[in-house]
Amino acid sequence: MRSQPLSVVVTRRLPERVEARLSELFGAELREGDAPLTREALIRAGREADVLVPTITDRIDAEMLDAMGDRLKLIANYGAGVDHIDVQAARQRGIMVTNTPGVSADDTADMTLALILGVARRLPEGMTTMQEGNWGGWSPSALLGARITGKKLGILGLGRIGQKVARRARAFGMEVHYHNRNRLRQETEEELGATYWESLDQMVARMDVISLHCPHTPSTFHLMNARRLKLMRPEAILVNTSRGEVVDENALTRMLRAGEIAGAGLDVYEQGSGVNPRLRALPNVMLLPHMASATREGRIEMGERVVINIKVYEDGHRPPDQVLPSHI
């Protein structure tokens, strides 16, 4: 047990309930503004903290960890993804890393189905028609979309989120298919009604919808590259609520413009908030501002997990959500 409260530095504004709890339990330094910290400000924060609470917008590499000095002992990430943190370098410096896995799985799965429906039924075009005052009344041939019942959904990454997407998709009458590094147990496949494909290429070529639910790692960078995107059927759509780097965004944009893919629903982008303007101009895409996990309940639950991880660490125990390099 420590005689003094931990110094906890938070890099972004969090829900009021979470900030109040951090202030109550620890010596928490909170943010007044909500803009991402600069690289230099983030290094200063790490120097001043026992515990740093970053978010996905805070990229922490090995050079920054070296510059932060020896005080920092725990990076309690607010969010599940940790590809913005060099976990291996942190471990080598004796800095523990935690995250908040599984908290936003239901919220992200809900948004995935919203994107599938939105693109298939051309909701962005319908909304634009109404907002611009161009609707001339009902027509039997206007804005014809695709029925999703009976369509084949290929899930790339049938983990926590992917499995929740599968259950929702089955409720809409979709056929569920998946590709993983490792095949799931037979009883899990049977429960989900999911068909396993050992070959990602073969699955991609036969699906009506491809939904991405894999982390960003060196092996998944541009996993959906130009070659693999060209395998998709012209009537198929691509949905990504995982990480933008998994998709070659330029190749996707070219194919959408050429009509080689029917549409795309994206919540994440290869360049973070820098969305390709050619992509924004396309009528057959539904673009969201990384809001798949954005529910009040989910954000508060994330904060509660952060608090638990810090408190358990302060009490001298291993936090429940410690991230190890071998688990990434």
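Residues numbered from 1 in each chain as written. Predicted model: local features only at pLDDT ≥ 70, side-chain atom pairs only at ≥ 80, totals over all residues. Heavy atoms only, no water.

Caption draft 1: Summary view of the overall build of the protein chain. Check the secondary structure of the protein chain and you find 13 helices and twelve strands. Against the globule reference of 20 Å for 328 residues, the protein chain gives a C-alpha radius of gyration of 22 Å, in line with a compact fold. Projected onto its principal axes, the C-alpha coordinates of the protein chain cover approximately 70 × 50 × 35 Å. For the protein chain, contacts bridging at least 24 residues in sequence account for 60% of all contacts bridging at least 6. (Helix = DSSP H or I, 4+ residues; strand = E, 2+ residues; numbered from the N terminus. Rg over C-alpha atoms; globule rule 2.2 N^0.38 Å. Contact = heavy atoms within 4.5 Å.)

Caption draft 2: Spatial organisation of the sheet that holds strand S8 (residues 194-196). Read from one edge to the other, the open sheet built from seven strands follows the order S8-S7-S6-S9-S10-S11-S12, with strand pairing classed as parallel. This sheet does not close on itself; its edge strands, each paired only once, are S8 and strand S12 (285-287). Put simply, the sheet's adjacent strands are angled 20° from each other on average, direction ignored. Pairing of strand S7 (residues 175-179) with S8 involves three bridges; the strand directions are parallel. Residue pairing across strands places His177 opposite Thr195, the latter belonging to S8. This element, helix H5 (residues 105-120), spans strand S6 (152-156), strand S9 (209-212), strand S10 (237-240), strand S11 (263-266) and S12 of the sheet and lies at about 150° to S10. (Pairing = 2+ DSSP bridges. Axes fitted to C-alpha atoms, helices over the stretch in contact; angles between N-to-C directions.)

Caption draft 3: Looking closely at the nonpolar core. If you look at the biggest cluster of nonpolar residues, it comprises 29 residues, and the most contacted ones within it are Leu229, Met232, Leu238 and Leu252. Listed by contribution, the elements that provide at least two residues to this core are helix H9 (200-206), S9, helix H11 (249-258) and S11. Considering each element in turn, this core owes the most residues, four residues, to H11. Apart from residues lying up to four places away in sequence, Met232 is in contact with Val204, Ile210, Met224, Ile237, Leu238, Glu260 and Ile261. (Core = buried A, V, L, I, M, F, W, Y, C linked by side-chain atoms within 4.5 Å. Buried < 20%, exposed > 50% of the residue type's maximum accessible area, 1.4 Å probe, protein only.)

Caption draft 4: Looking closely at the side chain of Glu314. Tracing the backbone shows Glu314 in helix H13 (residues 296-314). Polar side-chain contacts of Glu314 include one of 3.2 Å to the side chain of Lys311. (Polar contact = N/O pair within 3.5 Å; in protein donor to acceptor, adjacent residues only side chain to side chain.)

Caption draft 5: Spotlight on the pattern of salt bridges. Applying the stated criterion across every chain yields a total of 24 salt bridges. Of the charged contacts, one joins Arg122 and Glu125 as a salt bridge, the two residues approaching to 3.0 Å between their closest N and O atoms. Asp315 is the partner of Lys311 in a salt bridge, and the nearest nitrogen-oxygen pair spans 3.8 Å. Taking the relative accessible area as the measure of exposure, Lys311 reaches 31% and is therefore partly exposed. (Salt bridge = Lys/Arg side-chain N within 4 Å of Asp/Glu carboxyl O.)

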